[in-house]
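Per-entry structural report
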Amino acid sequence: MTRTTRDLILAFMLASFVLIVCLQAGGGAPTPAPPGIPDPGQFVGWALPFTKLLTDLSAVLVIGFLVAVVFLVPSTGDDVEGLSVQAVRIASRWAIVWSIASVALFFLTASDIFGEPLSKLSWAYTFGGRGLASVSLGRAILLQALVAAVVAIAARWTLGVRPLAGILGLSLGAMAPIALTGHAASSGSHDLATTSLLLHLVGVTLWVGGLAALGWIAIRGSKRLEAAVTRFSTLAVWAFVIVGVSGVVNAAVRLGSFDEVFGSSYGRLVLAKLAALAVLGTFGYRQRKRIVAAGSGFARLAFSELFVMAATIGLAVALSRTPTPVGTDTLNTPVEDLLGGPLPAAPTALRLLWGFSGNGVGLAVVGLGTALYLRGVLSMRQRGDDWPVGRTISWLVGMLIIAWATFGGLGVYSHVLFSAHMASHMMLSMVAPIFLVLGAPMTLALRTLPGPRQAGEISSRSLLLSFLHSRFSRFITNPLVGPLLFVGSLYGLYFTGIFETLMSSHWGHGVMELHFLAVGTLYYYVLIGIDPSPKALAPIVRFGMLMVTIPFHAFFAIAVMSSNTVFAGSYFRELHRPYLTDLLHDQYLGGGMAWAMGEIPLVLVMGAILVQWFRSDSRDARRFDRAESRSGDSDLEAYNARLRDLAEHGKRRDP
Ligand code: HEM
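Here the structure is a predicted model, which is why all the values come from computation and not from measurement.

Looking only at helices and strands, the chain features 28 helices and zero strands. Principal-axis analysis of the C-alpha atoms places the extent of the chain at approximately 120 × 70 × 45 Å. The buried share among the 655 residues of the chain stands at 50%. Long-range pairs, those at least 24 residues apart, make up 77% of the contacts in the chain between residues at least 6 apart in sequence. By element, 69% of the accessible surface of the chain is carried by carbon and sulfur atoms, the whole surface being about 30,200 Å². Across the chain, 48 positive and 36 negative side-chain charges occur, with their mean positions spaced 9 Å apart.

Split by domain assignment, the chain resolves into domain 1 (3-320) and domain 2 (417-620). Contact with domain 1, which involves 17 residues of that partner, is made by 12 residues of domain 2. Surface buried jointly by domain 1 and domain 2 totals about 1,300 Å² across both partners, of which 57% is contributed by carbon and sulfur atoms. Connecting domain 1 to domain 2 are zero salt bridges. For the interface between domain 1 and domain 2, the tally reads five residue pairs in polar contact (both at pLDDT 80 or more). Breaking the side of domain 1 that touches domain 2 down by element, the ones donating at least two residues are helix 2 (42-72), helix 6 (161-173), helix 8 (190-219) and helix 9 (225-255). Taken together, the residues that form the side of domain 1 that touches domain 2 break down as nine nonpolar, four polar and four charged.

The next point concerns unusual backbone geometry. Although it is not a glycine, alanine 440 adopts a positive phi angle of roughly 50°. Relative to the helices and strands, alanine 440 resides in the loop between helix 18 (418-437) and helix 19 (441-448). A positive phi angle is found at leucine 580, which is not glycine, with a value near 45°. Along the polypeptide, leucine 580 turns up in the loop between helix 26 (569-574) and helix 27 (583-631).

Nonpolar side chains in soluble globular proteins generally cluster together in the buried interior. Within the largest apolar cluster, 87 residues are counted, with the highest numbers of intra-cluster contacts made by Phe65, Leu66, Leu164, Trp207, Leu214 and Phe298. With 14 residues, the top contributor of residues to this core is helix 2. Not counting chain neighbours up to four residues away, the residues in contact with phenylalanine 298 comprise Leu211, Leu214, Gly215, Ala218, Leu225, Val229, Gln287 and Arg290. Core analysis: the next-biggest nonpolar cluster, separate from the first, contains 77 residues, Val377, Met399, Val412 and Phe516 among them.

Before going further, it helps to examine the coordination of the iron atom of the ligand. Coordination of the iron atom of the ligand by the protein comes from His200 (NE2) and Lys273 (NZ), over a distance range of 1.9 to 2.1 Å. Seen from the iron atom of the ligand, its six donor atoms lie at angles of 80 to 178°, and the figure they make is octahedral. Taken together, the residues span a long stretch of sequence, with histidine 200 in helix 8 and lysine 273 in helix 11 (residues 265-292) at a distance of 73 residues. Here histidine 200 and lysine 273 have matching classes, each one buried.

At 8.5 Å, aspartate 56 is the nearest oppositely charged side chain to lysine 273, a buried residue that forms no salt bridge. Here lysine 273 is in contact with His200, Thr312, Leu315, Ala316 and Leu319, once residues within four sequence places are set aside.

For the rest of this paragraph, the subject is the environment of threonine 109. The residue threonine 109 is located in helix 3 (residues 83-114) in this model. Among the residues examined, threonine 109 registers a relative accessible area of 9% and is labelled buried. Separated by 122 residues in the primary sequence, threonine 109 and arginine 231 place their C-alpha atoms 39 Å from one another. Apart from residues no more than four positions distant in its own chain, threonine 109 is found in contact with Leu48, Leu132, Leu137 and Ile141.

Together, Phe43, Val103, Phe107, Leu118, Trp123 and Phe127 give the surface a local cluster of nonpolar side chains, amounting to about 590 Å² of exposed area. Mapped onto the secondary structure, leucine 118 falls in the loop between helix 3 and helix 4 (123-126). By relative accessible area, leucine 118 is classed as partly exposed at 34%.

About the thresholds
Residues numbered from 1 in each chain as written. Predicted model: local features only at pLDDT ≥ 70, side-chain atom pairs only at ≥ 80, totals over all residues. Heavy atoms only, no water. Helix = DSSP H or I, 4+ residues; strand = E, 2+ residues; numbered from the N terminus. Buried < 20%, exposed > 50% of the residue type's maximum accessible area, 1.4 Å probe, protein only. Contact = heavy atoms within 4.5 Å. Areas by Shrake-Rupley, 256 points an atom, 1.4 Å probe, with all protein chains shown as cover. Lys, Arg positive; Asp, Glu negative; His and termini not counted. Charge placed at Lys NZ, Arg CZ, Asp CG, Glu CD. Domains from an automatic or database assignment. Buried area = accessible area lost by both parts, 1.4 Å probe. Salt bridge = Lys/Arg side-chain N within 4 Å of Asp/Glu carboxyl O. Polar contact = N/O pair within 3.5 Å; in protein donor to acceptor, adjacent residues only side chain to side chain. Nonpolar A, V, L, I, M, F, W, Y, C, P; charged D, E, K, R; others polar. Core = buried A, V, L, I, M, F, W, Y, C linked by side-chain atoms within 4.5 Å. Donors = N, O, S within 2.8 Å, 3.2 Å for Na, K, Ca; no water. Tetrahedral: all angles 85-135°; square planar, octahedral: opposite > 155°, others 65-115°. Patch = residues over 30% accessible without salt bridge, like charges linked within 9 Å, V, L, I, M, F, W, Y side chains within 5 Å.

Right under this line is the structure:
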């Protein structure tokens, strides 16, 4: 048996041991159901958490080995080579395990939810009309199984660093379904619970998986290990912070109050996780000290750390099976179910200004966007390079507007009032992006992302550059595509049933907010962006883009104001709000918001384009003058020479 296999089995056994102990201690262990209550049986009761453990551990290994070959281990060309080839094969094999374990998890979950032993589990309970596959939990697990299967096949067929980066992105995306299972699926603050768990899982898989892959490379004694470990150290610091913050946020949603931290078994398990994170932090600190001192002993520290991580994952799965103090019955009314919490009180200026809601998507975008940008500025400063403070302020203003429109006062009412929703929409797509693109995030990324460590290596900076020059980027930054997406999504969303579908689900609302932000940022990136873009557009073309957009946007606002149909009518009617009860009037207000908040930024941008136009013209004129002064007035010279030729010709013809 190889050392790797032995260590893997030991890690799984340790994680399983911790899982059993914590399930017993926390009250999550399966118990026979009282007579008359459907009971899936002890086998399912225990097989389910173990299968969940296996899905989590296999996901960690797939993502870990992929992140190692794409970002950590230096390569010398478009394809990975040497040990990295084996690492890709290992990722592919574990993706198969991940997929099969997810399928098993589906049937075990169906058996658990319907209380039917596996032997009696029929089509009706699984894929039938009312089976597990008809609800988001079941669909999430099946989607995870499918994505894992695609990753297994794709990783089998390619060794290209760029395609592998894509496969890594896909595997990380497969974390979303997992975030929708466990406790996050079934209680209040759904949006915050799922987003924080998603970030938590992404952080955990990159951190634990990356270290596991480096441990595997260390056993093989590769020369490229130190370079990989140095790069991993930065990733580990980010993962440590993201895992800690997202874990605490997720735990806070489940615990409901501080008393439950010590007062409940769930709380005590969370404390154990905090302790585990502290231990892992100490390991990390010692690793960084060792790197700085160029000392040896990476493998010894790494393997002790990996065993603590395996035990923590066992603890985490037990936590996801332990009853939470904030039970699953907190949403008592259909309105609370729809909103994922209580209906906010009637809006006042103060509430609109200072309100707060646990909007996970907004918190994640603003938290990560601010941290990454400021980290970039800090690296520039540490290198002694300048970064215009105006750009930083502009970026932070953009982040502030997003914060207000998603988890701030406006965000609170964007779920319950069409007018507030439209104002939030306009803030996310029309106003915040102006400040974001003037913050030049791409330029900052290109100047601070790690570059190649050796000739030919595909670094994260070169990956971003190749994305910026890709056919896809050229297509979406085409002057026709931006306005089309921008205006098209307005009509496509509100004048079809899509708006109601997205408003009625938590993740749907999050997707809508991300869409507004993305489409708005793309539009302004092409229009007034200062970052490098695949094709620099002449001011006249950008002016044209604006001229095309303004009337369509104004017409949209008028169409909303004059519509006699309530958009997402059954959703807003189901809210039974005791304020602004006239839905059409509220919609009229929303149309007015779209007009005011739409047109004003566009006019401001028109001004900005005219200024940029004037500036580029005067720059051209100055350049022309400089060229003229350097080479004399070549045009005039040429013209005079021509006249001389003509005169000469005339003389010859008619002496
Ligand atoms: C500050 C420290 C941490 C806290 C407060 C924390 C908290 C949480 C919470 C509340 C959940 C959701 C459980 C549920 O569904 O109810 C969770 C899930 C999870 N945590 Fe942590 N965590 C922490 C650190 C870690 C660390 C260090 C690791 C791994 C090394 C980890 C791995 C996981 C995994 C794998 C899950 C998903 C379990 C599943 O549903 O399958 N966590 N964590």
